[in-house]
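Fold and geometry: a report
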Amino acid sequence: VASASVAVEVAAAATAPSPPTPVGGASLVRLIASDAEHAGAGACYIDGGVPEATLSALDSLFARLPLAARDRGVNHKHRIVDADRSYYSDAEGWVAAALRSAVGAV
């Protein structure tokens, strides 16, 4: 019951007022060339692709997400997992829309 009320509060706080629009001047920044012989080949990020209001909404959402239960130090397929995680279901699609908008801007 407590987690359900937290989920409702998180959903209410995370609702974006309107779909994000691309920010002018968005650019793709390559970290590792696509043709590099490296496991991270093609790694990149988009700079300037998400409006400040959307970034603020994401920060607010992240601050409200409860930490998921974890099995501290449990071996998962030969690696130790010792990380805090939170999960969010983007049922209204505003996070996905922000990402699509950023990718479409470059």
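Residues numbered from 1 in each chain as written. Predicted model: local features only at pLDDT ≥ 70, side-chain atom pairs only at ≥ 80, totals over all residues. Heavy atoms only, no water.

Quick look at the overall build of the chain now. The helix and strand tally for the chain stands at three helices and four strands. Ordered by position from N to C terminus, the α and β elements of the chain give α-β-β-α-β-β-α. The buried share of the chain, taken over its 106 residues, is 17%. Sequence separation of at least 24 residues holds for 44% of the intrachain contacts in the chain that already meet a minimum separation of 6. (Helix = DSSP H or I, 4+ residues; strand = E, 2+ residues; numbered from the N terminus. Buried < 20%, exposed > 50% of the residue type's maximum accessible area, 1.4 Å probe, protein only. Contact = heavy atoms within 4.5 Å.)

Core analysis: the biggest nonpolar cluster contains five residues, these being Ala57, Leu61, Leu65, Trp94 and Val95. Those elements giving two or more residues to this core turn out to be α2 (52-64) and α3 (94-104). (Core = buried A, V, L, I, M, F, W, Y, C linked by side-chain atoms within 4.5 Å.)

For any two helices packed against each other, the geometry comes down to the angle between their axes and how far apart the axes lie. Interhelical geometry of α2 versus α3 gives an angle of 140° and a closest axis separation of 11 Å. One element, α2, and the other, α3, form an angle in the oblique class. As for how α2 packs across α3, the hand of that crossing is left-handed. Side by side, α2 and α3 meet where Thr54, Ala57, Leu58 and Leu61 of the first sit next to Trp94, Val95 and Ala98 of the second. Residue composition of the contact of α2 with α3, grouped by class: six nonpolar, one polar and no charged. (Axes fitted to C-alpha atoms, helices over the stretch in contact; angles between N-to-C directions. Parallel < 35°, antiparallel > 145°, perpendicular 65-115°, else oblique. Left-handed = near helix turned anticlockwise from the far one by under 90°. Nonpolar A, V, L, I, M, F, W, Y, C, P; charged D, E, K, R; others polar.)

Helix length check: α2 (13 residues) gives 19 Å between terminal C-alpha atoms against 18 Å at 1.5 Å per residue, within 8%. Taken residue by residue, α2 has Thr54, Ala57 and Leu61 as its buried positions. Across the axial projection of α2, the buried residues extend over an arc of 60°, all falling on one side. Summarising the geometry of α2, the exposed residues directed more than 90 degrees from the buried face are Glu52, Asp59, Phe62 and Ala63. (Expected span 1.5 Å × (residues − 1). Arc of directions from axis to C-beta.)

Another point: α3. In an α-helix, one turn spans 3.6 residues, which is why side chains three or four residues apart end up on the same side. When we look at burial in α3, the residues that qualify are Trp94, Val95, Ala97, Ala98, Ser101 and Ala102. Relative to the axis of α3, the buried residues are bounded by an arc of 160° and lie together on one face. The exposed residues of α3 that point more than 90 degrees off its buried face are Leu99, Arg100, Val103 and Gly104.

What follows deals with the confidence of the model for the chain. For the chain, mean pLDDT is 78; residues scoring 70 or higher make up 66% of the total. When pLDDT is averaged over each helix and strand of the chain, the minimum, 46, is found for helix α1 (residues 2-14) and the maximum, 93, for α2. Per-residue pLDDT stays below 50 along residues 1-19; that stretch engages in 14 contacts with residues further than four places along the chain or on separate chains. (pLDDT = per-residue confidence, 0-100.)

With that settled, consider the environment of Ser27. Topologically, Ser27 is positioned in strand β1 (residues 27-30). Here the alpha-carbon distance between Ser27 and Ile46, two residues 19 residues apart in the chain, equals 5.6 Å. Those residues in contact with Ser27 that lie beyond four places of it in its chain are Tyr45, Ile46, Asp47 and Val106.

Take the environment of Leu31 next. Looking at where Leu31 falls in the secondary structure, it is placed in the loop between β1 and β2 (44-47). Apart from the residues within four sequence positions on either side, Leu31 is in contact with Ala43, Cys44 and Tyr45.

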